[in-house]
Each structure stands twice: as structure tokens, then as C-alpha cells.
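Structure assessment
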Amino acid sequence: MQALAVFPSQKRVDLLDIAEPQPKGATEVLLRLREVGLCGTDREIASFEYGDPPSGSDHLILGHESLAEVVEVGREVHGLKPGDLVVAMVRRPCPHPECRACRAGRPDFCLTGDYTERGIKGADGFLTDYVADDEAFLVKVPHALSDVAVLVEPLTVVTKAADQAHAIFNRLPYDPGPQRGLVLGAGPIGLLGAMLLVADGFETIVYSRDSEESTQAKLVRSLGAQYVPSTANPIESLAEGWGEFDVVLEAVGFAPLMMAASQTLRANGLLALTGVPHEAAAVELNGRTLRDLVLGNRVVFGTVNAGRRDHLSAIQHLEQFMVLFPESVRQLITYRVPLDEAPQMLMQKRGIKNVVEMRRAA
Ligand code: BGC
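The shown structure was predicted, so the numbers you read here are calculated from the model rather than taken from an experiment.

Take the pattern of salt bridges next. Within the structure shown, the criterion is met by 20 salt bridges. The partner of Glu203 in a salt bridge is Arg180, with the nearest N and O atoms 3.2 Å apart. Placement of Glu203 in strand E13 (residues 203–208) and of Arg180 in strand E12 (residues 180–184) is noted, with a sequence separation of 23 residues between them. Residue Glu203 is classed as partly exposed on the basis of its relative accessible area, which comes to 41%. The exposure class assigned to Arg180 is buried, which follows from its relative accessible area of 15%. Each of Arg106, Asp108, Lys160 and Asp310 takes part in one network of salt bridges that share partners.

Structure below.
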């Protein structure tokens, strides 16, 4: 069977032939991939800026946004059976006994940094026909979601941010009442974030560089949210024109914007950063920004990856989105291509979410 891999030392992205996995472990599951989503992280790995092959290997099989069908289960797999649809969790625990996060089953909060991530860091991904995985890392998804379930993994980034946001808001000694949310960026994470805010009753604005006539802007309006193009509205003065926000979800990864975003926060508000900026990006932080954080009890936090509870929350939210705005959810997936067109798709992104279609239902 074929797989799509990146060979960092040769600066090459290529299809290669690999053997089908032969799972033998009692808790192992053989999966047939249906779809794999591509994202900015994959593009960075394919540009040799990020990612690591498994130790001892010269290549990394790409793909971490999976949707797969269970083909075979080991004798101690109790929660899954052949025919079930699953999404695999990306991050796997580090080996260190002292890492309380990994030992508690939450490698998304790993303390050592020695975790692996399938398709990203130290472990092969899902851009192939069959993979084996342990039941512990698989999350079952209802068949009713099959045409959009490849969005579960990116949505977990948002549901983890929301889970932490709730914990932070719980510190408030009063009922916050109606809240306003701002999303920075109209890529898949931003748009899924906007859906979640709208579904949670927030008055929602999405701010991005796409034009007001773009598909992204239309999609935002179809949710009942407002779209504000960044070209005509500098972030520093956004709050003057559009008011302040209780929650800001950043999904751009552009360092100057990330830094300036806290200026749009209302007192006691929070800014969740999900974009991963370039290491070399230099930004200026002025005393005013820090002063406003302190004098307004504002919270800025980073969030990455997700745990099982965030996956379950993502599945529930996706079900809710499919009731509230099914067409808008489907429109997030702009292109589906076969594996041999994936390298080209990685080089030139088109539309919103690009998905590699491995196989239709058997
Ligand atoms: C993935 C996460 C991962 C992160 C950092 C994102 O694209 O969705 O699962 O933790 O990249 O590698």
C-alpha cells in the first residue's frame, strides 16, 4: 500500500510503498483510513520547517486529522467492533514516570515535551490505507457524522480551548451574562471556533484578511456571525469600532496579531492563542498592553492538542452544528482529493479545508 511521507534530510515529499500493518496486541485495532484532513501543520512539515520522523527512520508518514473504519480488533478490545468509525488522537504520552500529565492520560498537557504526535513528531501518521493503533487512542464517532467527521480533530483544538475558557470564567464572582466573542482568522480552526461561539450563544465576530465577498466571509455570515476584514480595520483600533470582547480566539499564528489581540479584550476577558508563530518573529510588547492585562484581570493563554474529553466534546458539538448549520459545516471541506494528488494539495492550498480521500465505505 502507498503512504505519503516527508524525507526531511533529502528535502523530499513523496509517495512510498509500505507493508500493511499486522496488529498482534490484545488491545490493538486495525483501521482502514477513510479520510485525512490537511492543515497548516502538514504544510509546515512538508516545507521542512516542523516535525520529526520516528527515531531511526529517515521519513515521517504525514497526516494527523484522521477518520477511519475499524477492520479488526484484538481480543481485549471491548469498546469497538469492525465497521465502527473512529478518529485517532494525535498525541501520545511521554515515557517519563514523573510526568504527571501523561501519567494522568493527558499528554496534551505533557510536562517534559517528550510526547510523540502521529504524523507530526516521532510517530508515523495516517496518510495511508491501513494503520494499527491501540484502542486507548481511538474515539468512536457516530456514522451519522461520517461526511464531516474528519473535522473532529481540528475541532478538538477549539473544544480544548473552550474547556479551559470555561474553567477561567468560573473564577468570576458574578454571572457574566450575554458575552461577545472575537475570532481571529477564518481558516478551519477559526471557522469551527466561530461555530462553537455562535452555538454557545455568543455575539460573534470573525476578523480575517479575506475580502467581504470571500467564501469565508459568506460562511461566517451564514452562521449568524459578523465578518470584519482586517484590511480595513487595524487590530489596534478594532475595539473602538466594534466594541470589546469577553473571549478572543486567535487562529492565525501571526506573532504581531497575537500580541496585539489582547487590546480587544474587555475587563476580565480572555484571549486563547492556538496559532503557532514562526520562532524568529520579533514583536514589540509595550507597557500599556501589560498594564491593561493587570488592571483588567485579563487572561492570555496558549492551548495545543486535546484530550479524550475534548474529542467527546468535539463530537457532540459537531452533532449540534449539523442541526444548527449543516450546509455551513459541509462547506468547510472545500476539496477532496485522492492520495496521489495530496503532495500538490500540500504545496498549494485552495479553499478552506482540503481532505485526502483514502477510501469510501466498503
Ligand atoms: C495538531 C495538534 C498538534 C499541534 C502541534 C496541530 O496541527 O492539530 O494535534 O498538537 O499541531 O504539533
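Turning our eyes to something else, we now look at the side chain of Arg43. Along the chain, Arg43 falls in helix H1 (residues 40–46). No salt bridge is formed by the buried Arg43; the nearest opposite charge belongs to Asp42, separated by 6.5 Å. When sequence neighbours within four positions are dropped, the list of residues in contact with Arg43 reads Leu38, Met345, Leu346, Lys349 and Asn354.

Along its sequence, the chain is organised into domain 1 (2–148 + 333–357) and domain 2 (155–302). A straight line from the C-alpha centre of domain 1 to that of domain 2 covers 29 Å. Of the residues lining the interface, eight residues belong to domain 1; the matching set on domain 2 comes to nine residues. At the boundary of domain 1 with domain 2, total buried surface from both sides reaches about 630 Å², with 65% on carbon and sulfur atoms. Counting every contact that joins domain 1 to domain 2 gives one salt bridge. Among the salt bridges present, the one from Asp108 reaches Lys160, with a minimum N-O distance of 2.9 Å. Along the contact surface separating domain 1 from domain 2 lie one residue pair in polar contact (both at pLDDT 80 or more). For the side of domain 1 that touches domain 2, a count of residues per class yields two nonpolar, one polar and five charged.

To continue, consider the site of the ligand. The environment of the ligand is formed by Cys39, Thr41, Tyr50, His64, Val90, Arg91, Glu117, Ile120, Glu153, Val304 and Asn305. Taking His64, its side chain carries an N or O atom lying 3.4 Å from an oxygen atom of the ligand. A distance of 2.9 Å separates an oxygen atom of the ligand from a polar atom in the side chain of Glu153. The protein chains hide 90% of the 310 Å² of surface that the ligand would expose on its own. Across the shell around the ligand, the residue classes tally to five nonpolar, three polar and three charged.

Take the packing of helix H3 (residues 152–169) against helix H4 (residues 188–199) next. Running from N to C, H3 and H4 cross one another at 50 degrees; their axes reach a closest spacing of 9 Å. For the element pair H3 / H4, the angle class is oblique. In the crossing of H3 with H4, the sense of the turn from one axis to the other is right-handed. Residue-level inspection shows Pro154, Leu155, Val157, Val158, Thr159 and Ala162 of H3 in contact with H4, the latter providing Ile189, Leu192, Gly193 and Leu196. Classifying every residue of the contact of H3 with H4 gives eight nonpolar, two polar and no charged.

Here the focus is the sheet that holds strand E16 (residues 265–273). In a beta sheet, neighbouring strands are held together by backbone hydrogen bonds and run either parallel or antiparallel to one another. Judged by pairing direction, the sheet is parallel, and its six strands sit side by side in the order E14-E13-E12-E15-E16-E17 without closing on themselves. Edge strands, defined here as strands with exactly one partner in the open sheet, are strand E14 (226–229) and strand E17 (299–302). Within this sheet the neighbouring strands show an average axis-to-axis angle of 20 degrees, counted without direction. The pairing of E13 with E14 spans four bridges and is parallel.

Locating Ser328 in the fold gives a position in helix H10 (residues 326–332). For the pair Ser328 and Val157, spaced 171 residues apart in the sequence, the C-alpha separation amounts to 19 Å. Of note is the side chain of Ser328, whose polar atom sits 2.8 Å from the side chain of Ser222.

Let's shift gears to the pairing of strand E6 (residues 85–88). Residues Leu85 and Val87 line one face of E6 and the alternating positions Val86 and Ala88 line the opposite face, and both faces are buried. As paired elements, strand E5 (residues 65–73) and E6 share two bridges and run antiparallel to each other. If you follow Ala68 over to E6, its bridge partner there is Val86. Sheet topology note: the E6/strand E11 (residues 138–141) ladder contains four bridges and is antiparallel. What sits directly across from Ala88, in E11, is Leu138.

Procedures and definitions
Residues numbered from 1 in each chain as written. Predicted model: local features only at pLDDT ≥ 70, side-chain atom pairs only at ≥ 80, totals over all residues. Heavy atoms only, no water. Salt bridge = Lys/Arg side-chain N within 4 Å of Asp/Glu carboxyl O. Helix = DSSP H or I, 4+ residues; strand = E, 2+ residues; numbered from the N terminus. Buried < 20%, exposed > 50% of the residue type's maximum accessible area, 1.4 Å probe, protein only. Lys, Arg positive; Asp, Glu negative; His and termini not counted. Contact = heavy atoms within 4.5 Å. Domains from an automatic or database assignment. Buried area = accessible area lost by both parts, 1.4 Å probe. Polar contact = N/O pair within 3.5 Å; in protein donor to acceptor, adjacent residues only side chain to side chain. Nonpolar A, V, L, I, M, F, W, Y, C, P; charged D, E, K, R; others polar. Near = heavy atom within 4 Å. Areas by Shrake-Rupley, 256 points an atom, 1.4 Å probe, with all protein chains shown as cover. Axes fitted to C-alpha atoms, helices over the stretch in contact; angles between N-to-C directions. Parallel < 35°, antiparallel > 145°, perpendicular 65-115°, else oblique. Left-handed = near helix turned anticlockwise from the far one by under 90°. Pairing = 2+ DSSP bridges.

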